[in-house]
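Breakdown of the fold
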Protein chains: 2
Amino acid sequence: MYKSQKVGAIIVAAGRGERMGGIDKIFTPLGGTSVLERVAAVFNDSPYIDHFVIVLTQDNLARGKHLLADKNLTKLVKIVPGGVRRQDSVEAGLNALPLCQWVVIHDGARPLVTSKLIAEVLEAAQESGAAIAAVPVVDTIKSAGEDNYVKSTLDRSHLWAVQTPQVFRFDIIKEGYAKASGDVTDDAALVEALGIRVKLYMGAYDNIKLTTPADLALAEVLCQRKEG
Amino acid sequence: MYKSQKVGAIIVAAGRGERMGGIDKIFTPLGGTSVLERVAAVFNDSPYIDHFVIVLTQDNLARGKHLLADKNLTKLVKIVPGGVRRQDSVEAGLNALPLCQWVVIHDGARPLVTSKLIAEVLEAAQESGAAIAAVPVVDTIKSAGEDNYVKSTLDRSHLWAVQTPQVFRFDIIKEGYAKASGDVTDDAALVEALGIRVKLYMGAYDNIKLTTPADLALAEVLCQRKEG
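Points about the environment of A:Pro165
Among the secondary structure elements, A:Pro165 is positioned in strand 10 (residues 159-169). Leave out the neighbours within four places in its chain, and A:Pro165 touches A:Val104, A:Ile105, A:His106, A:Val113, A:Leu117, A:Ile118, A:Val121, A:Ile132, A:Ala133 and A:Asn207.

Quick look at the structure:
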């Protein structure tokens, strides 16, 4: 049972944010509190998390450390620089984590994650060793050929759009990364490639990833709703 | 060439809006102008549209007619009641349209559509007789088995999320509807079933469908950006 095992978390916030039009999203305030502080606080306050690390770009490292220094984040063990590719950043996080049996990987750009969702995905991972938050796809999805004509309309009843948190047994995700090759944008795919079954757990449509300036505006509204 | 042919449009706004928490989205103001007025104005002002009909729920019919009565919508030929299913509403629209060679079908809940996008999808439809606005999928998409374990990770490089406007040659969409069976949520699929090739044309991520109250808040922000 994971309740007697250690749970570490990696908050990955080392992306370039190319669609943000020059805004550094992790330092942008939402309801008066920066995205980075918000997401760090959720993990710090979660009773299921024993410790966590944050991965930032080299450029943001000093500012991030300064920002979080006096926030009483007792479970934050380290803030480390990421790499060029997402997988380099996740690996930097894995290497910085103290001993743990479970790892929760979370996008720093999803500040609306809740402690409840973290706990539930962790629980969902117990059976096979891997579970990820995801939501059923609501749009009609079509696949296209090279000429951009429709090839087929997918049956969306079985399709899920992946989010984070994603939870893996530590040894599994380590092995996944050890065997990774090429460009990895999806941690769960590495685990699937090992033959491990990955459980899809119902995330939240509100658990958006901040990608564009409009997403920041939406997140602001969602925060206001949540916080009354 | 469609430039010498008539183009009709159907604005379908007869959904129940079950995820809106009691808000009637089509009458909700965005930037001071209701969703219904906004979308009607875009179609009325498009130089490519000759005439259009609007499909509302029976309950909204009187209010919608009253709202639009003095808006100088010279191309609006009729406001008709829809049916229980989406396909009943689209068919009511098709039956209400004056003679035309092309039909543009548009969700009334996508008020951020532009005249430019309508023109471009119409142009894209010329080759095969059918084109639809869509955007490349940005999320990682996985398909699940009955047990909600991941079955496969889809190659999203060929996946598109469908939007509207959708443009069809009139005779094609009529035939598609004549042969339709079961519950139809996707007009293009009916046309694909006839063996007609459907072109995917790059829509806009801003061209959102208002589904939840948060979408209304996002649309408000997007309107502000657009309108300066």
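We are not done yet, so read on.
Quick word on the relation of the copies chain B and chain A
When chain B is fitted to chain A, the residual RMSD is 0.0 Å, and the transformation amounts to a turn of 180° plus an axial shift of 0.0 Å. One copy is carried onto the other by what is essentially a two-fold rotation axis. In terms of C-alpha distance to the rotation axis, chain B has B:Leu218 as its closest residue, with the C-alpha 2.6 Å off the axis. With an isologous cut-off of 70% or more, the 100% of interface residues of chain B that recur at the interface of chain A puts this contact in the isologous class.

Observations concerning the packing of helix 7 (residues 213-226) of chain A against helix 7 (residues 213-226) of chain B
Between helix 7 of chain A and helix 7 of chain B, the shortest axis-to-axis distance is 9 Å and the interhelical angle comes to 135°. Here helix 7 of chain B runs oblique to helix 7 of chain A, going by the angle between their axes. As for how helix 7 of chain A packs across helix 7 of chain B, the hand of that crossing is right-handed. Two secondary-structure elements touch here, helix 7 of chain A through A:Pro213, A:Ala214, A:Ala217, A:Leu218, A:Val221, A:Leu222 and A:Arg225 and helix 7 of chain B through B:Pro213, B:Ala214, B:Ala217, B:Leu218, B:Val221, B:Leu222 and B:Arg225. Within the contact of helix 7 of chain A with helix 7 of chain B, the residues separate by chemical class into twelve nonpolar, no polar and two charged.

What about the packing of helix 3 (residues 86-96) of chain B against helix 5 (residues 170-178) of chain B?
All names here are of chain B. Interaxial distance between helix 3 and helix 5 falls to 11 Å at its minimum, and their mutual angle equals 140°. Judged by the inter-axis angle, helix 3 sits oblique to helix 5. As for how helix 3 packs across helix 5, the hand of that crossing is left-handed. Judged by residue contacts, Arg86, Gln87, Val90, Glu91, Leu94 and Asn95 of helix 3 engage Phe170, Ile173, Lys174 and Tyr177 from helix 5. Each residue belonging to the contact of helix 3 with helix 5 can be placed in one class, and the counts come to five nonpolar, two polar and three charged.

Considering helix 2 (residues 61-68) of chain A
All names here are of chain A. Turning to helix 2, its buried residues are Leu61, Gly64 and Leu68. What you see down the axis of helix 2 is that its buried residues fit within an arc of 70°, all on one side. Among the exposed residues of helix 2, those oriented more than 90 degrees off its buried face are Ala62 and His66.

Details of the pairing of strand 1 (residues 7-13) of chain B
Residue and element names in this part refer to chain B. Across the seven residues that make up strand 1, a large majority, seven, are buried. Side chains Val7, Ala9, Ile11 and Ala13 of strand 1 all project onto a buried face; the interleaved residues Gly8, Ile10 and Val12 project onto the opposite face, where all are buried too. Relative to strand 6 (residues 102-107), strand 1 is paired through six bridges, and the arrangement is parallel. Along strand 6, the bridge assignment pairs glycine 8 with valine 103.

Quick look at the pattern of salt bridges
Residue and element names in this part refer to chain A. Following the criterion strictly, the structure yields 27 salt bridges over all chains and no others. As a salt-bridge pair, glutamate 175 and lysine 179 come within 2.7 Å of each other at their nearest N and O atoms. With relative accessibility at 36%, the residue glutamate 175 sits in the partly exposed group. If you follow the salt bridges from partner to partner, you end up with Arg86, Asp107, Arg110, Asp187 and Lys209 in one network.

Thresholds applied
- Residues numbered from 1 in each chain as written.
- Chains lettered and ligands numbered in written order.
- Predicted model: local features only at pLDDT ≥ 70, side-chain atom pairs only at ≥ 80, totals over all residues.
- Heavy atoms only, no water.
- Helix = DSSP H or I, 4+ residues; strand = E, 2+ residues; numbered from the N terminus.
- Contact = heavy atoms within 4.5 Å.
- Least-squares fit on C-alpha atoms with pLDDT ≥ 70 in both.
- Axes fitted to C-alpha atoms, helices over the stretch in contact; angles between N-to-C directions.
- Parallel < 35°, antiparallel > 145°, perpendicular 65-115°, else oblique.
- Left-handed = near helix turned anticlockwise from the far one by under 90°.
- Nonpolar A, V, L, I, M, F, W, Y, C, P; charged D, E, K, R; others polar.
- Buried < 20%, exposed > 50% of the residue type's maximum accessible area, 1.4 Å probe, protein only.
- Arc of directions from axis to C-beta.
- Pairing = 2+ DSSP bridges.
- Salt bridge = Lys/Arg side-chain N within 4 Å of Asp/Glu carboxyl O.

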